[in-house]
Amino acid sequence: MPRLRLSGPVAALLLALLVHVAGMLLIKGFGSTFGIRAMLVLASLLAVASIGQTLAILLGGIDLSIPFVIGFANVAAAQLYSQGVPFALVLPGVILAAMAVGALNGALSAVLAVHPLIITLGIGTALQGAVQLWTRGFPTGSAPAWVQKFVSIGGSFGPLPVPPLVPFTALLAVLVVLMLRGTVYGRQLYALGSNPRAARLALVNPVRTWTVTFALSAGFAALAGILLLGFSGSAYAAVGAPYLFQTIAAVVIGGTVLIGGRGGYFGTVAGAICLIELTTVLVGLGLQPPLVQATLGIAIVVLVSVYGREPHVRELI
């Protein structure tokens, strides 16, 4: 008999809808305007941080440096701004510095033929150590008022009752999807993730693609770190720690396979919404953090089993 198969984004959105209904029934105030806005902001922050993880996993790798880059950008932006550097220079400067770190991750992984899990973890840990040495463990500073307003849960964007971060993330999602589907880089990314050998025979440069991909990953992670600075109001080197699990989970829940070549960013956005909804419900029910993590893990396994058992692209050739 034919088996029902749901695409990643559809499955993630359906689960998010079911979780939202359950939350409204079980938790007082869960469906309030403030609660929905708060979840949209948290989902937007996670979606931005997960752009790079989506690209890396589509390529057949993984980026474990994302939480460290988020912490670096968070602290560096606060420190530089507190020292009188105009934020108009801080923003691009920090993102470009992060992209240089990401480019190193990708280039070393490709040239040395070492799995990026090892390279990104090592360089990310070194980056975190450098930040701690720079700040002596006590980062200072904050984001300018307009950045805080940009991500504020109580903010609005014109007639929309949501802060500017939410429509900004929606626009960013459209641009990322267009990049993946309509550019040479996007086609090369999918080609390498689907079949690296065939891609090389088609004259796809793996070193260049890996370098660009991990540079983009670090750049978006840095952007997430700066946005988190505005959200929290103060610098914190470990602010990106939760995003190690969450970015991978959002990508997987959204239907992108971990061995590369299949999936997309719309699925990741749906996965981020689903993950934030589910986490909010579990926390609202009073579950302890370890039990929340265990429940999320089980939910991911169950969801992926619905649509994640199709053969990989390279097995169909």
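Residues numbered from 1 in each chain as written. Predicted model: local features only at pLDDT ≥ 70, side-chain atom pairs only at ≥ 80, totals over all residues. Heavy atoms only, no water.

A. Molecular detail of the overall build of the chain. A count of helical and extended segments in the chain gives 13 helices and 0 strands. Its C-alpha atoms give the chain a radius of gyration of 19 Å, near enough to 20 Å, the size a compact globule of 317 residues would have. Principal-axis analysis of the C-alpha atoms places the extent of the chain at approximately 55 × 50 × 40 Å. The burial tally for the chain puts 49% of its 317 residues in the buried class. The long-range fraction of contacts in the chain, counting pairs at least 24 apart against all pairs at least 6 apart in sequence, stands at 77%. Counting only carbon and sulfur atoms, one obtains 73% of the accessible surface of the chain, whose full area is about 14,500 Å². Taking the 14 positively charged and 4 negatively charged side chains of the chain as two groups, their mean positions are separated by 6 Å. (Helix = DSSP H or I, 4+ residues; strand = E, 2+ residues; numbered from the N terminus. Rg over C-alpha atoms; globule rule 2.2 N^0.38 Å. Buried < 20%, exposed > 50% of the residue type's maximum accessible area, 1.4 Å probe, protein only. Contact = heavy atoms within 4.5 Å. Areas by Shrake-Rupley, 256 points an atom, 1.4 Å probe, with all protein chains shown as cover. Lys, Arg positive; Asp, Glu negative; His and termini not counted. Charge placed at Lys NZ, Arg CZ, Asp CG, Glu CD.)

B. Up close: the packing of helix 2 (residues 33–58) against helix 10 (residues 206–232). Contact pair helix 2 / helix 10: the axes reach a minimum separation of 7 Å and the direction vectors enclose 165°. One element, helix 2, and the other, helix 10, form an angle in the roughly antiparallel class. As for the relative orientation of helix 2 and helix 10, their crossing is left-handed in sense. When helix 2 is examined against helix 10, the residues V41, L42, L45, V48, A49, I51, G52, Q53, L55 and A56 are found in contact with a partner set consisting of T213, F214, L216, S217, F220, L223, A224, L227, L228 and F231. By residue class, the composition of the contact of helix 2 with helix 10 is 16 nonpolar, 4 polar and no charged. (Axes fitted to C-alpha atoms, helices over the stretch in contact; angles between N-to-C directions. Parallel < 35°, antiparallel > 145°, perpendicular 65-115°, else oblique. Left-handed = near helix turned anticlockwise from the far one by under 90°. Nonpolar A, V, L, I, M, F, W, Y, C, P; charged D, E, K, R; others polar.)

C. Layout of the packing of aromatic side chains. Taken as a whole, this structure holds 4 aromatic pairs when the rule is applied. On the basis of an interplanar angle of 90° and a centroid distance of 5.6 Å, the ring pair of Y81 and F87 is categorised as edge-to-face. A relative accessible area of 7% means that F87 is categorised as buried. Note on F150 and F168: the rings are 5.6 Å apart at their centroids and 70° apart in plane angle, and the pair reads as edge-to-face. In this pair, F150 is assigned in helix 6 (residues 145–151) and F168 in helix 7 (residues 165–182), connecting sequence segments 18 residues apart. For F168, a relative accessible area of 28% puts it in the partly exposed group. (Phe/Tyr/Trp six-rings, centres within 6.5 Å; stacked < 30°, edge-to-face > 60°.)

D. Representation of the confidence of the model for the chain in the model. Of all residues in the chain, 93% attain a pLDDT of 70 or more, and the chain-wide mean is 88. Of all the helices and strands in the chain, helix 13 (residues 289–307) carries the lowest mean pLDDT, 76, while helix 10 carries the highest, 96. (pLDDT = per-residue confidence, 0-100.)

E. View of the nonpolar core. Core analysis: the largest hydrophobic core is formed by 86 residues, its most contacted members being I70, V94 and Y265. Ignoring anything within four residues of it in the chain, the contact list for V94 reads F72, A73, A76, A77, L80, A222 and I226. (Core = buried A, V, L, I, M, F, W, Y, C linked by side-chain atoms within 4.5 Å.)

F. Just the side chain of S194, in detail. Mapped onto the elements, S194 comes out in helix 8 (residues 184–194). Polar side-chain contacts of S194 include one of 2.8 Å to the backbone oxygen of Y190. (Polar contact = N/O pair within 3.5 Å; in protein donor to acceptor, adjacent residues only side chain to side chain.)

G. Up close: the environment of L229. As for its position among the elements, L229 is in helix 10. Residues L229 and V176, 53 residues apart in the sequence, show an inter-C-alpha distance of 23 Å. With residues up to four places along the chain from it excluded, the contact list for L229 reads N74, A77, A78, S142, A143, S234 and A235.

H. Expanded view of the packing of helix 4 (residues 87–112) against helix 10. Put simply, helix 4 and helix 10 touch, their axes get as near as 6 Å, and they point 145° apart. Where helix 4 crosses over helix 10, the two elements pack in a sense that is right-handed. A per-class count over the contact of helix 4 with helix 10 returns 20 nonpolar, 6 polar and no charged.

I. Representation of a nonpolar patch on the surface. Judged by side-chain polarity, L17, V21, L25, L26 and L285 come together as a nonpolar surface patch covering roughly 520 Å² of accessible area. When you line up the elements, L285 lands in the loop between helix 12 (265–284) and helix 13. Residue L285 is classed as partly exposed on the basis of its relative accessible area of 42%. (Patch = residues over 30% accessible without salt bridge, like charges linked within 9 Å, V, L, I, M, F, W, Y side chains within 5 Å. Salt bridge = Lys/Arg side-chain N within 4 Å of Asp/Glu carboxyl O.)

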